[in-house]
Amino acid sequence: VDITQEILELSAYIETVIKDAFENDRDIGKESDHFLQQSLNVERKCPIIFADYAHYLLTKDLAQNTSEQDFDQKIDTFFKLINKIYDKDIFLAESRNLLARRLLEKANLDTEKKFLGKMGTDWGLGDQSKMKNMLDDIATSEELLKDWKASSANTQNIDFTIKVLRTSCWPDRLFIKDKSGKVFSDPVIYEYKQKFKNFYINKNQGKNLEWVVNYGTAEIKTSGFAKSYFLLTTSIQMAILLMYNGKDKLTYGEIKEGLGFPEGSSHIWEAMRYFTQRLKILIREKEPSKENEKKPAEDSENFLINPKFASERLKINCVPSLGARRDDRKADANADNSDVMKEREFVIDAAIVRIMKSRREMALLDLQQETKKLISLFVPDPKMVKRRIDSLMERDYLERHPEKNNVFIYKP
């Protein structure tokens, strides 16, 4: 995107105002309030930038031992500014994804609740209900985990920590499900998984468990090298390494088939590249050229255990950070944008029907203006409102006035 000098100057101005507001906890003056609102909405990515900043506040900023008073001031100032953006629904969609990732990795629940509470005060409880459901789900899961650890079924000496979450509460595309059941097919893991499944179904009759493979972690003790190492891995990394029990060599096709991903998965290839390029616990039989080293291997290519593997560290963390896991951010953003646009259609339809139900008859321009006033999460495009009016006419909610072409009548 080409950014003109004017937009660069506006961005610099906004950055100055935000910095000044945060450092001095100062209200934006009325004389510049309108200009600030217009400036904040010049860039269409602004809601996503705000969501990223909220994520920064709730992770890195908190990790720097920010005092509770300073943090509260930053949240208050943040909402003074974000209340001025138009596309709040895009901010909510992006924030929901980031909250899900924080909760799945590690999050301060008290701080998250405080942030959502402020959002509920400013925007209404309905707008952040999906995010509140995720927080409630995590709390329920922690109670279930306590019951499991205290149960007689938990007999083996394995530290098995699990989150059981409701599908309806979470962004489904964040998860890769073990539909084939092969990722956790190692005998020890499978036996333990079945014990937990029986425990859960006995407590929750009629419910079904689906296993997610791209957020779990495991600690593995290696053997066969000069030293024993402890590797902290993701579930997929663990499954790949366990396939080498009793084998020195596997093809990439055998690994994909063994994990139930015959068509391939970016997560499998990322794990393989980590093991061959960074950790060097595996080696490729044929070293690829620099142009091809990032491309997925051919199914026939062999990957071997590196007998010379050695590390100064006995405990090695192989799990990518939350930031590194967001390489699919562009795909998420595109999917979110599509979902937001569909949701906007429902919101506009509901607003138009509500207005027409009380007014019974209304001109197009007046209906567009009233619809704009009724919707708080985004500013509806007049063209989109017109398209939704046409859609409502097709579904017999509205009809055109027989004598006034630009006037619509509600059909009860």
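Up top is the structure these notes are about.
Counting restarts for each chain: residues are numbered from 1 in the order of the written sequence. With the structure being a predicted model, the display of local features is reserved for residues of pLDDT at least 70 and the display and counting of side-chain atom pairs for 80 or more, all residues being used for whole-chain, interface and lining totals. The side-chain values count all of the structure's non-hydrogen atoms but skip hydrogen atoms and water molecules.

Secondary structure elements follow DSSP: runs of H or I no shorter than four residues count as helices, runs of E no shorter than two count as strands, and numbering proceeds from the N terminus. Within the protein chain, the secondary structure is distributed over 14 helices and nine strands. Looking at the protein chain residue by residue over its 412 residues, the buried ones come to 41%. By definition, residues are in contact when any of their heavy atoms lie within 4.5 Å. By sequence separation, contacts in the protein chain at least 24 residues apart represent 67% of the contacts at least 6 residues apart. Total accessible area computed for the protein chain in this model is approximately 24,000 Å², and 49% of it derives from carbon and sulfur atoms. Relative accessible area decides the class of each residue, using a 1.4 Å probe on protein chains only: under 20% of the type maximum gives buried, over 50% gives exposed, and in between gives partly exposed. For every accessible area listed, the method is Shrake-Rupley and the probe measures 1.4 Å; residues are considered covered only by the protein chains on display.

Below, the discussion takes up the sheet that holds strand S7 (residues 361–363). Should DSSP find at least two bridges between two strands, the strands are regarded as paired. Spatial ordering of the open sheet is given by S7-S9-S8, a layout of three strands whose pairing is antiparallel. Where the open sheet ends on each side, the last strands, each with one partner, are S7 and strand S8 (398–400). Averaged over all pairs of adjacent strands, the angle between their axes in this sheet comes to 30 degrees, without regard to strand direction. With three bridges joining them, S7 and strand S9 (residues 407–410) adopt antiparallel strand pairing. Note on geometry: axes are lines fitted to C-alpha atoms, helical ones only across the stretch in contact, with angles between N-to-C directions running from 0 to 180 degrees.

Next up on the list: the packing of aromatic side chains. Between 30 and 60 degrees the pair is tilted, below 30 it is stacked and above 60 it is edge-to-face, where a pair is any two Phe, Tyr or Trp rings, Trp via its six-membered ring, whose centres lie within 6.5 Å. Under the definition given, this model contains 16 aromatic pairs. Their ring planes at 80 degrees and their centres at 5.8 Å tell us that tryptophan 148 and tyrosine 192 sit as a pair that is edge-to-face. With tryptophan 148 in helix H7 (residues 129–150) and tyrosine 192 in helix H8 (residues 187–203), this pair connects stretches of sequence that are 44 residues apart. Relative to phenylalanine 303, the ring of tyrosine 252 lies with its centre 6.1 Å away and its plane at 50 degrees, an arrangement referred to as tilted. With a gap of 51 residues between them, tyrosine 252 in helix H10 (residues 252–258) and phenylalanine 303 in strand S5 (residues 302–305) connect regions that are remote in the sequence. Exposure remark for phenylalanine 303: the relative accessible area of 1% places this residue in the buried category. Through pairs of rings, three or more aromatic residues link up here, namely Trp148, Phe184, Tyr192, Phe196, Phe199, Tyr200 and Trp211.

The next subject is unusual backbone geometry. Unusually for a residue other than glycine, lysine 280 sits at a positive phi of about 60 degrees. Relative to the assigned elements, lysine 280 resides in the loop between helix H11 (266–278) and strand S4 (282–284). In this structure, aspartate 396 is a non-glycine residue whose phi angle is positive, near 65 degrees. Owing to a relative accessible area of 49%, aspartate 396 belongs among the partly exposed residues under this scheme.

This brings us to helix H9 (residues 235–242). Of all the eight residues making up H9, seven are buried; the element is thus mostly covered by neighbouring parts of the structure. Where H9 is concerned, the buried positions are Ser235, Ile236, Gln237, Met238, Ala239, Ile240 and Leu241.

As a further point, take the packing of helix H5 (residues 88–105) against helix H6 (residues 109–123). Interaxial distance between H5 and H6 falls to 12 Å at its minimum, and their mutual angle equals 165 degrees. Considering the angle they form, H5 stands roughly antiparallel to H6. Pair H5 / H6 crosses with left-handed handedness. Of the residues in H6, those touching H5 at Lys88, Phe91, Leu92, Leu99, Arg102 and Leu103 are Leu109, Glu112, Leu116, Met119 and Trp123. Polar here means any residue outside two lists: the nonpolar Ala, Val, Leu, Ile, Met, Phe, Trp, Tyr, Cys and Pro, and the charged Asp, Glu, Lys and Arg; Gly therefore counts as polar. Its residues placed into classes, the contact of H5 with H6 shows eight nonpolar, no polar and three charged. Any angle between 65 and 115 degrees counts as roughly perpendicular, while under 35 counts as roughly parallel, over 145 as roughly antiparallel, and the rest as oblique. Handedness of each helix crossing follows the sense of rotation of the near helix against the far helix: counterclockwise by less than a right angle gives left-handed, clockwise gives right-handed.

As a further point, take the sheet that holds S5. Backbone hydrogen bonds are what pair the strands of a sheet, in a parallel or an antiparallel way. The strand order across the open sheet formed by three strands is S3-S5-S4, and the pairing between neighbours is antiparallel. Of all strands in the sheet, those with a lone pairing partner are strand S3 (249–251) and S4, marking the two edges. With strand direction ignored, the average angle separating the axes of adjacent strands in the sheet is 30 degrees. The sheet contact formed by S3 and S5 spans three bridges and is antiparallel.

Across three bridges, the pairing between S4 and S5 is antiparallel. Looking across to S5, one finds that leucine 282 is bridged to isoleucine 305.

Membership of the largest hydrophobic core comes to 53 residues, with the highest contact counts inside it found for Phe78, Phe91, Met119, Trp170 and Ile352. Take this core: its biggest share by element is seven residues, from H5. Put simply, a nonpolar core is a bunch of buried Ala, Val, Leu, Ile, Met, Phe, Trp, Tyr and Cys residues held in one set by side-chain atoms that sit within 4.5 Å of each other. One finds Ile176, Ala218, Leu259 and Ile281 within the second-largest nonpolar core, a separate group that totals 46 residues.

Side chains three or four residues apart in an α-helix point the same way, a direct result of the helix having 3.6 residues per turn. Take the residue count of a helix, subtract one, and multiply by 1.5 Å to get its expected span. Helix length check: H6 (15 residues) gives 20 Å between terminal C-alpha atoms against 21 Å at 1.5 Å per residue, within 8%. The set of residues buried in H6 consists of Thr111, Glu112, Phe115, Leu116, Met119, Gly120 and Trp123. Whenever two N or O atoms come within 3.5 Å, that pair is a polar contact, provided that in protein one can donate a hydrogen and the other can accept it, and provided that, for residues adjacent in sequence, both atoms are side-chain atoms. For H6, the N-terminal cap is asparagine 108; the gap from its side-chain oxygen to the backbone nitrogen of aspartate 110 is 3.1 Å.

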